[in-house]
Amino acid sequence: MATQYIYKRDATRLFIAISETGKKFNIYLPVESNPIINNVELPITIINGCISSYCFKWNNKRYTCIVKSKEQNKYTILVNGVEYKFSIESISSYLRRKLLSTEESAKIQNVLRAPIPGKVIDIYVSEGDLINANEPVINIESMKMQNEYALPVNGIVRKIYVQRGQSVMKDDVLIEIDSIDE
Amino acid sequence: MEKRLLIANRGEIAIRIIRTAKKLGFTCIVFQSDKDTDAYYLKFADEIITANDAHNETSIFLNIPKIIELAQEHQIGYIHPGYGFLSENPDFAQACIDHQMVFIGPSPELIRNMGLKTIAKEFAQKAGLPLIQGSEGVVNSIEQAQIIAEKIGYPILLKASAGGGGRGMRIVEKPEALERNFNSAQKEAITAFGNGDLFIEKYISQPKHIEFQILGDKYGNIIHLGERECSLQRKHQKMIEEAPSPALTPEKREKMGQLAVQFAKTIGYYSAGTIEFLLDGNGDYYFMEMNTRIQVEHPITELITGIDLIEWQLKIAMDEPLTIKQEDIKLNGWAIECRVNAEDAQNRFAPESGFIESVYFPTSDTIRIETGIEQGSVVNTNFDSMLAKIIVHDTDRALAIEKMLKALNYTQIIGIKTTIPFYKKVLQHNDFILGNYTTKWIEENYKPDILYDDEEEIIGALTASIVYALDYLKLASNTPSYTNDDLSIWVLNKRINK
């Protein structure tokens, strides 16, 4: 499935746009596919040759975007003449800001624990990778059955506590992630 | 002999008039105002007169003695006032005549009479046109106003006799509010027009603005060219107009057209003119006023009738008889006009000013563009905010709406915000599609977030992210900035990846 492993686990390509009204968009700019916005690959293509503007085509509609102003990470964009304002953050600046806010830092840490005892067959991610909510990150075999496990949140892999081939007990910490969800 | 025509106006209408006047063999002359020195219309004129109005409070376009003086100096034989400015100023028309110039329009007396709404109504009554109940003439005191208001019933409308554009106008819902509104309307009218005369009429709710285009010559031949519906207004300024009106049946159109002609005959009108009616929710209509000039929205009538109104204005002024008969007028298809204003529809239509970085309008046989701007134009607040008009024509209303949407989508004006995004929303609104909109529609439906669109917001977030990524990359690697030619997310991301 196209969206299954789409992040290719490169956190530097993810940007977080927060609109004036507080709406959050996770914007992933991939190497060779369409942009992935809030985990969905959208068929947005660039129209080249636009002068002093960024032009896109999406569902047969044309969008002309002009950067009206930018100040630090705050951008005002005119989309077909209508103004939208965003503050943009890279994933590192976003997590840093969240960690600094005591209110939100509690929501960041997410840990995947072994639900049953078993043996680690495969780990699909590396530290620093981006993961999608409910996308399998680890495969554990117990009683001759292989099971894939995922986290319920989007985030970045902070630390992997286990290795391939290692035996784990129930409730052992396997993977820790920093959530990028609200 | 050379026919030298001075167009005492600017912007798109100057260009529009020049287009037809040149065909009729006129040498076209315009003013260059210091308040708008690089204006686009200047490029279309045969000659330009420098106005030297930099230090004057008002521009040349409002300065009667100066216009007359310069016109004489440049051997002008004809003056076209366009719309706005001095187009309905009887003193200007008279000054032209007094100095042996032909004023393109009706007589000063007609302009004066139609400008005074109480007199216009007397004529309308004489011609048998339905009138909104109200005071017969000027109301001199609050006591008199109270008596009349009781008679016709609230809500009532207080209107300045010399008014226009909503100034000196008040809706009074109940008797307690009458005195306060009477005083403030009077004060406003004195400030705006130097004349505090007020009259009263019954206030019509859910009104539609329907106007009939008239052409008359100096020999008593008068025809009408159907109606325009101009109900989509904001603060009495029209924004979208269409012809014909979706609210009229053929029978009503014929009857109202006949009445318009009857009215024009009663007053002995000649030149192009417009008779405005108010149509209420019950389908009853009332005479409102007559405009004695060419109107901004005249092209929609031209598109459905195939008649050049400016041509006839000029011919009639040169004493030619009207050769078109009423039975020659066939209304063909549907036309819509959108006025492209330099206004921020996300900010309660605040005027925008600035530099037009680029402008593109789509063109086709059935899309007519009347523009007063080009790339590099400076939009300032010395003049009104209308930059251009987009006018489309098609076989029926649904197709015309579709075509207008397409035209608006393809139009690009970069540098300032315009009313185009707002029109796109209006044209897709069910009320507009069904033709169920009144002069109150914008007031009742406008919210600053009316323009908000989910998909546009996503594209905006994407763009902001790309720009951020480019900025971030520039800082990080000190690579030269990208041009738009190689703006490709994919290329960009390969670079980010380094």
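Predicted model, so just to flag it, every value in this text is computed and none were measured.

Colleague: Please explain the sheet that holds strand 8 (residues 198–202) of chain B as it appears in this structure.
Modeller: In sheet architecture, strand pairing relies on hydrogen bonds along the backbone and comes in two forms, parallel and antiparallel. Residue and element names in this part refer to chain B. Spatially, 7-6-8 is the arrangement adopted by the 3 strands of the open sheet, whose pairing is antiparallel. The open sheet has two edge strands, strand 7 (170–172) and strand 8, and neither has a second partner. Shown here is a sheet whose adjacent strand axes are inclined to one another by a mean of 25 degrees, direction ignored. Taken together, the 3 bridges between strand 6 (residues 156–160) and strand 7 define a ladder with antiparallel strand orientation. Counterpart to Leu157 in the pairing with strand 7 is Ile171.

Colleague: Is there a simple way to explain the nonpolar core in this structure?
Modeller: Taken as a class, soluble globular proteins show a tendency for nonpolar side chains to be buried jointly. Grouped together as the largest cluster of nonpolar side chains are 87 residues, with contacts concentrated most on Ile79, Phe92, Leu215 and Phe263 of chain B. The element contributing the most residues to this core is helix 8 (residues 250–267) of chain B, with 7 residues. Other than its neighbours up to four places away in sequence, Phe92 of chain B contacts Ala8, Ile64, Ile67, Ile68, Ile79, Pro81, Leu86 and Phe103 of chain B. Counting 70 residues, the second largest nonpolar core, distinct from the first, contains Val82 of chain A together with Ala342, Val392 and Tyr446 of chain B.

Colleague: Would you explain the state of the cysteines in this entry?
Modeller: As used in these notes, a disulfide is a covalent bond between sulfur atoms, one from each of two cysteines. For the structure shown, the criterion picks out 0 disulfides over all chains. Note on Cys230 of chain B: no disulfide assigned, nearest cysteine sulfur contributed by Cys338 of chain B at a separation of 12 Å.

Colleague: Whenever I open this one, the packing of aromatic side chains confuses me. Can you help?
Modeller: The description of an aromatic ring pair uses the distance of the two centres, along with the angle that the planes make with each other. Residues and elements named next belong to chain B. Evaluated as defined, the whole model comprises 19 aromatic pairs over all chains. For the pair Phe349 and Phe422, a centre-to-centre distance of 5.0 Å together with 85 degrees between the ring planes defines the contact as edge-to-face. In this pair, Phe349 sits in the loop between strand 15 (343–344) and strand 16 (350–351) while Phe422 sits in helix 12 (residues 420–427), placing the two residues 73 residues apart along the sequence. Ring geometry for Phe422 against Tyr423: centres 6.1 Å apart, planes inclined by 55 degrees, an arrangement best described as tilted. Taken as a pair, Phe422 and Tyr423 share a single burial class, namely buried. Ring pairing ties together the aromatic residues Phe349, Phe422, Tyr423 and Tyr446, which thus form one cluster. For Arg10, the ring lying beneath its charged end belongs to Phe383, and the centroid distance is 4.0 Å. Directly above the ring of Trp312 sits Lys315, whose terminal nitrogen or CZ lies 4.8 Å from the centroid.

Colleague: Looking at this structure, how should I read helix 2 (residues 64–73) of chain B?
Modeller: Three- or four-residue spacings in an α-helix give side chains the same orientation, since the helix completes a turn every 3.6 residues. Residue and element names in this part refer to chain B. Those residues of helix 2 that fall on the buried side of the exposure criterion are Ile64, Ile67, Ile68, Leu70 and Ala71. The inward-facing, buried residues of helix 2 abut strand 1 (3–7), strand 2 (26–32), strand 3 (47–50), strand 4 (78–80) and helix 3 (90–98). Gln75 sits one or two residues past helix 2 and shows a positive phi near 50 degrees.

Colleague: Please clarify how the layout of surface pockets should be interpreted in this entry.
Modeller: Unoccupied space between atoms shows up once a probe the size of one water molecule is rolled over them. Its volume calculated, the second largest pocket comes out at about 550 Å³. Along the walls of the second largest pocket sit 20 residues, with Lys61 and Asn80 of chain A together with Asn409, Lys424 and Gln428 of chain B positioned nearest its centre. For the lining of the second largest pocket, the elements supplying multiple residues, two or more each, are strand 7 (61–71) of chain A together with helix 11 (397–410) and helix 12 of chain B. Of the residues forming the lining of the second largest pocket, the biggest block, 4 residues, is contributed by helix 11 of chain B. The residue makeup of the lining of the second largest pocket, split by class, is 7 nonpolar, 5 polar and 8 charged.

Scoring rules and cut-offs
- Residues numbered from 1 in each chain as written.
- Chains lettered and ligands numbered in written order.
- Predicted model: local features only at pLDDT ≥ 70, side-chain atom pairs only at ≥ 80, totals over all residues.
- Heavy atoms only, no water.
- Pairing = 2+ DSSP bridges.
- Helix = DSSP H or I, 4+ residues; strand = E, 2+ residues; numbered from the N terminus.
- Axes fitted to C-alpha atoms, helices over the stretch in contact; angles between N-to-C directions.
- Core = buried A, V, L, I, M, F, W, Y, C linked by side-chain atoms within 4.5 Å.
- Buried < 20%, exposed > 50% of the residue type's maximum accessible area, 1.4 Å probe, protein only.
- Contact = heavy atoms within 4.5 Å.
- Disulfide = S-S within 2.5 Å.
- Phe/Tyr/Trp six-rings, centres within 6.5 Å; stacked < 30°, edge-to-face > 60°.
- Lys NZ or Arg CZ within 6 Å of the ring centre and 35° of its normal.
- 1 Å grid on protein atoms, 1.4 Å probe; cavity = no way out; pocket = protein on both sides within 12 Å on 5 of 7 lines; lining within 4 Å.
- Points joined across faces, edges and corners; volume = space filled by probe spheres on them.
- Nonpolar A, V, L, I, M, F, W, Y, C, P; charged D, E, K, R; others polar.

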